[in-house]
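Each chain is listed here by its residues.
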Amino acid sequence: MGQHIVEKILAHASGKSELIPGEIIECQVDCLMAHDSSGPRRWWPRLELLNARPWDPKKVVVITDHFVTPYDRESAQIVATAGAFARHYGTRLHDREGVCHIVLEEQGYIQPGMFAVGGDSHSPTAGAFGAFMCGYGDLDTTGVLVSGKTWERVPEVIRLTLNGRLQPGVCAKDIALYLARTLEISSDQVLEFQGAVVERLPMEERMVLTNMAPEIGAMTAIINPDEVTHHYMKAQGHDIDPSYLGWVSDSHAGYHQQMELDLSGLKPQIALPGDPKNADELTHHLGAHLDQCYIGGCTGAKLEDLKMAARVLEGQKVHPATRLLVCPASQKIMRQAEQLGLLRVLLASGAQILPPGCGACSGYGVGVLADEESCLSTTNRNFTGRMGSPSSRVWLASPYTVAASAIHAKISPWVIEQSEVSHG
């Protein structure tokens, strides 16, 4: 029997030729990433206490995003601490360039076959590139920072084959919300996405599927790298490291479970307030008033997402009874959106463009919600109080749905004209 990609990565990282599900192994870390909230302000006092230093500064990436742009004295100090830490210890630093899960991949730090550690629960984003990456708490990442190693329990891997062809106006966010409400996945299991739907998705859409592995219930997720992966990396200016070529699952690999889904009939989805798993078909929940529509976060403000929003908003106006905030996922994406004319379309519709960063997704800075306010968001979580007041209500949906809803100030579908169907 062959091996799937997770077995290959963990075997390589641990130096073992054979792995047993449930076995605890010690893995050498290829890349450690943390942001301004999870990393330096936690790490620095511990390093001084231990009289220790980072094991390999060039493999440590610090990205400021949660408290960007700083909005008070405390947030400014957190961002400043992150920068000072990186300069003091010589680690990689990307300051105010965008969301960590986007910047990490844009800058080429993630390669197929890597075993990486992230100081954030949505670190599984890297799985879209054929890397194994999970989110760790700050105590665990401190251990990695000093030793360059960590323990990992060999997970059960579920191969999920997504077949069919998506309907116009349906995208990866709809898939993720549908899977979150329908699958029963354990937090010690890994999803390996395959199938015709996955093969046709651009990289930025694949990143939505792996990013939302925790919302689906999994430990992390992964997709076998292919020509789409290679093309994206080259377009970002990065070649694939030759040592990581060939990291794909064998055709006769063994899995804990194999599932197949035909997504040809999938309709746009929406997650009701409180939990991404509270998902349902959009058409069952139309009409609720929205004080805010938010296009942002690591799942909802990449270039592909901004293209979706602009496609809906071309020639339209945001309803005066609501507000549309757009927070591009990175500076690079913002520049690309400007060059393609997407920002012009969004601004003409009445949208407000915010500085790249996590922003209101994690409840910081511009875009947080007041008491009793309602918001439809492209982000990945809608837990009570996450985007502001505990009495606020947050729904989750795709950029198509959020943009369409901004036109009407209420939860609304994107009505696709026949010309749009042909174009799609």
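Structure shown above.
Summary of the structure given here. Note that the coordinates shown come from a computational prediction; the quantities given were computed from them, not determined experimentally. (Residues numbered from 1 in each chain as written. Predicted model: local features only at pLDDT ≥ 70, side-chain atom pairs only at ≥ 80, totals over all residues. Heavy atoms only, no water.)

1. Quick look at the environment of Met133
The condition that has to hold: Helix numbering and strand numbering both begin at the N terminus, where a helix is a DSSP run of H or I of at least 4 residues and a strand a DSSP run of E of at least 2. Whether a residue is buried, partly exposed or exposed follows from its accessible area with a 1.4 Å probe, protein chains only, as a fraction of its type maximum: under 20%, in between, or over 50%, in that order. The contact definition used throughout considers only heavy atoms, calling two residues in contact when any of these lie within 4.5 Å.
Relative to the helices and strands, Met133 resides in strand β6 (residues 132-135). With a relative accessible area of 1%, Met133 lands in the buried category. Between the alpha carbons of Met133 and Met114 there is a distance of 8.0 Å; along the sequence they are 19 residues apart. Residues contacting Met133, with those up to four places away along its chain left out, are Met33, Leu104, Ile110, Ala116, Val117, Gly118, Ser123, Pro124, Ala126 and Thr220.

2. Brief notes about the sheet that holds strand β3 (residues 60-64)
Rule in force here: By the convention used here, strands pair only if DSSP detects at least 2 bridges between them. Axis angles are defined between N-to-C directions and span 0 to 180 degrees, where every axis is a line fitted to C-alpha atoms and, for a helix, only to the segment in contact.
Sheet architecture is open: five strands sit in the order β4-β3-β2-β5-β6, paired in parallel fashion. Strand pairing shows two members of the sheet lacking a second neighbour, β4 (92-95) and β6, which therefore form its edges. Strand-to-strand twist in this sheet, taken as the mean axis angle between neighbours without regard to direction, amounts to 15 degrees. Relative to the sheet, helix α3 (residues 73-89) contacts β3 and β4, its axis offset from that of β4 by approximately 155 degrees.

3. Structural notes on the side chain of Thr210
Using the following cut-off: Identification of polar contacts relies on pairs of N or O atoms within 3.5 Å, with a donor-acceptor requirement for protein atoms, meaning one able to donate a hydrogen and the other able to accept it, and with residues adjacent in sequence counted only if both atoms are side-chain atoms.
Assignment of secondary structure puts Thr210 in helix α8 (residues 203-211). Here Pro124 takes part through its backbone oxygen, which lies 3.3 Å from a polar atom of the side chain of Thr210. Excluding its chain neighbours within four sequence positions, the residues that come into contact with Thr210 are Pro124, Thr125, Gly127, Ala128, Phe193, Ala221, Ile222 and Ile223.

4. What about helix α14 (residues 399-408)?
By the criterion of burial, α14 is predominantly enclosed, with nine of the 10 residues buried. Residues of α14 that are buried sit in contact with β14 (292-295), α11 (303-313), β15 (323-326) and β17 (374-377). Directly beyond the C-terminal end of α14, a positive phi value near 60 degrees is found at Ala409.

5. Notes on the environment of Gly315
If you trace the backbone, Gly315 turns up in the loop between α11 and β15. Expressed as a C-alpha distance, the spacing of Gly315 and Ala348, which sit 33 residues apart in the sequence, is 8.0 Å.

6. Observations regarding the packing of aromatic side chains
What counts here: Geometry of aromatic contacts follows a simple scheme: Phe, Tyr and Trp rings, the Trp one being its six-membered ring, pair when their centres are within 6.5 Å, and the pair is stacked under 30 degrees between planes, edge-to-face over 60, tilted otherwise.
Scanning the entire structure with this criterion turns up eight aromatic pairs. A network of ring pairs unites the aromatic residues Trp43, Trp44, Phe85 and Tyr89 as a single cluster.

7. Thoughts on the pattern of salt bridges
Definition in use: The term salt bridge refers to a pairing of a side-chain nitrogen on Lys or Arg with a carboxyl oxygen on Asp or Glu at a separation within 4 Å.
Inspection of the entire model under this criterion finds 11 salt bridges. Across the pair Arg46 and Asp138 runs a salt bridge, and its minimum N-O distance is 2.6 Å. Placement of Arg46 in helix α2 (residues 40-50) and of Asp138 in helix α5 (residues 138-147) is noted, with a sequence separation of 92 residues between them. Arg46 gets classed as partly exposed once you look at its relative accessible area, which sits at 24%. One salt bridge connects Asp226 with Arg206, and the closest N-O pair in it is separated by 3.0 Å. A residue pair is termed long-range when its members are at least 10 positions apart, and Asp226 in the loop between β10 (220-223) and α10 (227-235) and Arg206 in helix α8 qualify at 20 residues. Overall, Asp226 belongs to the partly exposed group, its relative accessible area being 24%. The exposure class assigned to Arg206 is buried, which follows from its relative accessible area of 0%.

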